[in-house]
Amino acid sequence: MRCLRSTHLVSAERTPGQREWRPQIYRKCTDPQWLFLFFFFWTGLMFITGYSVAAGATGRLLFGYDSFGNVCGKKNSPIEGAPLSGQDMTLKKHVFFMNSCNLQVKDGRLGSTALCVSSCPEEQLNTLEDIQLFANNSGSFLCVYSLSSSNYTQNPNTDSLCPRLPVPPSKSFPLFNRCIPQTPECYSLFASVLINDVDTLHRILSGIMSGRDTILGLCTLALALSLAMMFTFRFVTTFLVHTFIALVVLGLLFVCSVLWWLYHDYTNDLSIALDTEWENMTCLLGFAVVATVLTAVLLILIFVLRKRMKLAVEIFRVTNKAISSSPFLLFQPLWTFTILIFFWVLWVAVLLSLGTAGAAQVIEGGQVEYKPLWGIRYMWWYHLIGLVWTSEFILACQQMTVAGAVVTSYFNRNQNDPPDRPILSSLTILFCYHQGTVIKGSFLITMVRIPRTVLMYVYSTLKDKQSAWSKCVFRCCFCCFCCLDKCLHHVSQNAYTTTAINGTDFCTSAKDALKLLSKNSSHFTSVNCFGDFIIFLGKVLVVCFTVFGGLMAFNYHRALQVWAIPLLLVAFFAYLVAHSFLSVFETVLDALFLCFAVDLETNDGSSEKPYFMDQEILSFIKKTNKLNDSRAQRDKNLRNEEGTEGTELRPIVR
């Protein structure tokens, strides 16, 4: 990409010494080497995508396949050495296990023979004559393909070629079209092997697909609540803030109560001793503990910060005034969310293709199994890095676009003539000059996220083999990475705003912002943190109502599905949607405070150096200063009183 330099480039900027803040005087390409690095990284991702399409077989995962290498529901190509492969299974869309009541795992694969059938037997078949009659009536052959239905009762090898009697009634699974036995005893044995031990991914996805209508409805609810919350923040008042905080408190307490009640209900009413129910109960306990701890922490914070409600209203009035100059800022999350959804769908499709990329190998009895190709595991890690880095890059582009629009509107001397199309101007500056800076900031966050993911994976893998000391070390490392992640997010946001102001690279911008904010920390830090806390409560409120709806909906399907994973997915989606929409206020708030600090640093309010801020914002800054000064004076007097009290003459008590 060609970098353009403005004619306003100042030569003093090149000289060593302390650099001055010069809002929007010039632009230059920042961190271009990171742009080239990102391009080469995505070249690797495109290679993996092409490789997964060429070598993968997503159809085997989505539609299921038999023991002879045939994908159910489609026409197959023959495999050398497997005489029963290469059959036309267009009308046979269901996977039937010949020994579904006694599945066994041998060397990581099922010992029972799987067949593609046109329908599952809905009634119990007790004899070979029943199996033969079922084949003649439905066209669904439950014995090996090489055995004709007319020979079911005559062939001496029917014990190994036909299913073990009796064949239990079964129905097709919501996903992958598997014939699942319906009798409780048989299902329990079937689930303990197939659903819980072998097909973990299938089990999770089947739970998602079986409740897809509920999940879609809950996601729509989360979207509607996020829009309502954004509308609330646009017209916030003191009464509305009190009402909002009361709703958050009630929502947290109510969700915690429902979680503990459901856990108690599970422990006393296990209708079927299935692993799915036990996993639901375990996840409920985890949800309840986490929700209780989070509720206690938030209630303490709300109690401590309850006296700053009026200041919160002032904060959002200033923020809404900045948004009013660029009202289309509120629509930025829509295109960001659309791009993220498109990328995530593509990423999952490639992941599924990589997971099915395997070479067919013929084993005993002419059956076929698929061995993973060499290097697939390394491609998975590369693909995971691509997910985190690209997602953070897309979110960082939104942050920089919003910050650039706020900076353009703020540093405008003529308030009667606002800048034309500030959002479009910010996008243009981003893509022409500062993509490298956004890529670098998102890469730093990725370098923290990946080790944290590896730690979680190692901890879950070795959970039963760890000592108490090693568990403590893992948890400490995980907490450190979480804190570092939060700090990097804050540093990156300030760096993007500084880049939008001065046009400097990421490291220079982060250093300048840190110096300036540390100098003015007494003025802005507490106010900024309180504003971010109110926005975070808005996200929590959206998640609370969505999770409550999910608990009520999923609890009616507790027996045969693991609904804890879909509920966790819904909660994550609700927080993501709420964060995508409400983060606009958070980004505007952070950008405004940095603009305030720059304005106070470069101007003094005189006729020669007037402030960029208007009188309303200036009065807000003065109120904040008075509040901080009075608090500092009160703390100083308290310390003086304590010092005097320590030097008083006291009577000697004998």
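Residues numbered from 1 in each chain as written. Predicted model: local features only at pLDDT ≥ 70, side-chain atom pairs only at ≥ 80, totals over all residues. Heavy atoms only, no water.

As recorded by an unreviewed UniProt entry, the chain carries the name Choline transporter-like protein and is attributed to Rousettus aegyptiacus. Of the chain, the UniProt comment under Sequence similarities (unreviewed entry) reads exactly: "Belongs to the CTL (choline transporter-like) family." Recorded in UniProt for the chain, the comment headed Function (unreviewed entry) runs: "Choline transporter." (UniProt positions renumbered as here; feature names shortened; annotations may be inferred.)

Side note on the pattern of salt bridges
Within the structure shown, the criterion is met by four salt bridges. Its salt-bridge partner being Arg449, residue Glu392 comes within 3.0 Å of it at the nearest N-O pair. Highlighted residues: Glu392 in helix α12 (residues 376-410) and Arg449 in helix α14 (residues 435-461), separated in sequence by 57 residues. The residue Glu586 makes a salt bridge to Lys539 at a minimum N-O spacing of 3.1 Å. Linking Glu586 in helix α18 (residues 564-602) with Lys539 in helix α17 (residues 521-554), this pair joins segments that are 47 residues apart in sequence. Among the residues examined, Lys539 registers a relative accessible area of 3% and is labelled buried. (Salt bridge = Lys/Arg side-chain N within 4 Å of Asp/Glu carboxyl O. Helix = DSSP H or I, 4+ residues; strand = E, 2+ residues; numbered from the N terminus. Buried < 20%, exposed > 50% of the residue type's maximum accessible area, 1.4 Å probe, protein only.)

With respect to unusual backbone geometry
The omega torsion across Leu165 and Pro166 is -10°, close enough to zero to call that bond cis. Following the sequence through the fold, Pro166 ends up in the loop between α4 (158-161) and β5 (170-172). Notably, Asp31 is not glycine yet its phi reads approximately 50°, a positive angle. Here Asp31 falls in the buried class, since its relative accessible area comes to 7%.

A few points about the packing of aromatic side chains
Each aromatic ring pair is specified by the distance between its two centres and by the angle formed by the two planes. Tallying each qualifying case throughout the model produces 16 aromatic pairs. When the ring of Phe41 is compared with that of Trp389, the centres are 5.0 Å apart and the planes differ by 55°; the resulting orientation is tilted. With Phe41 in helix α1 (residues 32-55) and Trp389 in helix α12, this residue pair connects regions lying 348 residues apart in the sequence. You can call Phe41 buried: its relative accessible area is 10%. For Trp389, a relative accessible area of 2% gives the class buried. (Phe/Tyr/Trp six-rings, centres within 6.5 Å; stacked < 30°, edge-to-face > 60°.)

Regarding helix α3 (residues 128-138)
Residues of α3 that are buried: Ile131, Gln132, Phe134 and Ala135. Taken down its axis, α3 places every buried residue within 160° of arc, on the same side. Facing away from the buried side of α3 by more than 90 degrees, the exposed set consists of Asn136 and Asn137. Directly beyond the C-terminal end of α3, a positive phi value near 75° is found at Gly139. (Arc of directions from axis to C-beta.)

Thoughts on the state of the cysteines
Summed over the entire model, instances satisfying the criterion amount to three disulfides. Covalently, Cys72 is tied to Cys116 through a disulfide, its sulfur atoms 2.0 Å apart. Since a negative S-S torsion denotes a left-handed disulfide, the Cys72-Cys116 link at about -85° is left-handed. Pair noted here: Cys72 is in the loop between α2 (58-63) and β1 (94-97) and Cys116 is in strand β4 (residues 114-117), with a separation of 44 residues, a long-range link. Here the two residues Cys72 and Cys116 agree in accessibility, since each one is buried. Residue Cys143 pairs covalently with Cys162 via a disulfide, S to S 2.0 Å. Between Cys143 and Cys162, the S-S dihedral sits near 110°, and the bridge is therefore right-handed. Taken together, the residues span a long stretch of sequence, with Cys143 in the loop between α3 and α4 and Cys162 in the loop between α4 and β5 at a distance of 19 residues. (Disulfide = S-S within 2.5 Å.)

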